[in-house]
Amino acid sequence: MTSTDASAEVHSETGTETSTRATAHHGTGSGADSSPFRHSETDRDAAPQFVLPLVVRIEKAAPPARTDALETAARAVLVLLSDERATAADGEWAQAVRDWQDARIRKVVRRARGAEWRRAAELPGITVTGRAPAATAAEDAPPPAAEVRVFPPVPLDGWPKELAKLQVSGTDLDDPEPPPAPDLTGPVLWLSPHVEMSAGKAMAQAGHGAQLAWWGLDDAVRAAWREAGFPLAVRTASAERWDELTTSGLPVVRDAGFTEIAPGSCTVVADHPALRRP
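Predicted model, so just to flag it, every value in this text is computed and none were measured.

## Topic: the overall build of the protein chain
Counting its regular elements, the protein chain contains ten helices and eleven strands. Burial status across the protein chain gives 51% buried among its 278 residues. Sequence-distant contacts in the protein chain: of pairs separated by 6 or more residues, those separated by 24 or more amount to 78%. Summed over its atoms, the accessible surface of the protein chain is roughly 12100 Å², and 50% of this surface lies on carbon and sulfur atoms.

## Points about the nonpolar core
Core analysis: the largest hydrophobic core is formed by 60 residues, its most contacted members being Leu54, Leu189 and Met203. It is helix 8 (residues 199-215) that contributes the most residues to this core, ten residues altogether. In this structure Leu189 touches Ala74, Ala206, Gly209, Ala210, Leu232, Ala233, Val234, Arg235, Val268, Val269 and Ala270, once residues within four positions along its chain are discounted. Listed in part, the twelve residues of the second largest apolar core include Val55, Val154, Leu163 and Leu166.

## Quick look at the side chain of Thr267
Inspection of the secondary structure assignment puts Thr267 in strand 11 (residues 266-271). A residue is classified by how much of its surface remains accessible, and Thr267, at 0% relative accessible area, is buried. At a separation of 2.5 Å, a polar atom in the side chain of Thr267 contacts the side chain of Gln205.

## As for the pairing of strand 11
Side chains on a regular strand alternate between the two faces of the sheet. Among the six residues of strand 11, six are classified as buried, and the element is accordingly described as predominantly covered. Of the pairings in the sheet, the one linking strand 8 (residues 188-191) to strand 11 comprises four bridges and is antiparallel in character. From the neighbouring strand, Leu191 faces strand 11, where its bridge partner is Val268. Across three bridges, strand 10 (residues 252-254) lies against strand 11 in antiparallel orientation. If you follow Arg254 over to strand 11, its bridge partner there is Cys266.

## Considering helix 8
Given a rise of 1.5 Å per residue, 17 residues ought to cover 24 Å, and the 24 Å separating the end C-alpha atoms of helix 8 matches this to within 8%. Counting buried residues along helix 8, 17 of its 17 residues qualify, which places the element largely inside the surrounding structure.

Definitions and cut-offs
Residues numbered from 1 in each chain as written. Predicted model: local features only at pLDDT ≥ 70, side-chain atom pairs only at ≥ 80, totals over all residues. Heavy atoms only, no water. Helix = DSSP H or I, 4+ residues; strand = E, 2+ residues; numbered from the N terminus. Buried < 20%, exposed > 50% of the residue type's maximum accessible area, 1.4 Å probe, protein only. Contact = heavy atoms within 4.5 Å. Areas by Shrake-Rupley, 256 points an atom, 1.4 Å probe, with all protein chains shown as cover. Core = buried A, V, L, I, M, F, W, Y, C linked by side-chain atoms within 4.5 Å. Polar contact = N/O pair within 3.5 Å; in protein donor to acceptor, adjacent residues only side chain to side chain. Pairing = 2+ DSSP bridges. Expected span 1.5 Å × (residues − 1).

It is worth stressing that arrangement in space is one thing and function is another; only the former is reported here.
Below, the structure written as structure tokens:
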């Protein structure tokens, strides 16, 4: 199986992304055939634009760990893409997902706490919970497990009022301890060691990398990944490993440089065992 190499534009520090052209080749299987990259760039620009909202819960006194939030956001994107409400021909989210994928693939990460989070949780969507880091001797209690709620795509200028009110800034998060080495036999979303991103932007980029991996897989691999609960890791690659990854043929997210980073920067490589070249 060969992989899909796509580009992404990030329009603001909020983590908004737009996928551009797919320039590579898909493997066999219906999973690869479902990639939305089937129209010309002009057609996708002319189509109505949609955005995938993601809301991360950040309580003032107890924010989640950064890596947990990134991994949970990536899993949330996969959970929505695989949900029957999005995949079934008559699913209640299917048309919105098709419209979203026919245009530019945008994701926006916003934050909520307290009553804001409770109001957001009442809207149709899916809440995905991460894994709280283990306690260490240096702290009384570990950060709480990350909570990210993903919603079906909405028109770019038609956000529900409960989500439109939420802030896009203030999503900077930290890890209390360096995350452990990832399981290299499983999926890993590798972040560039050369690019600094806010947590909100990195969450959207990780979600985009997970989506590129999903599009490149066949149905059997997708089903197995979903059945396992979408295990994955998000880690920053070493400089040496990054050079290898970006020339490996794995899906790569590239930034257009509208905010935070230089145009053309590679931000994420999606490494899934089924996408690796033999």
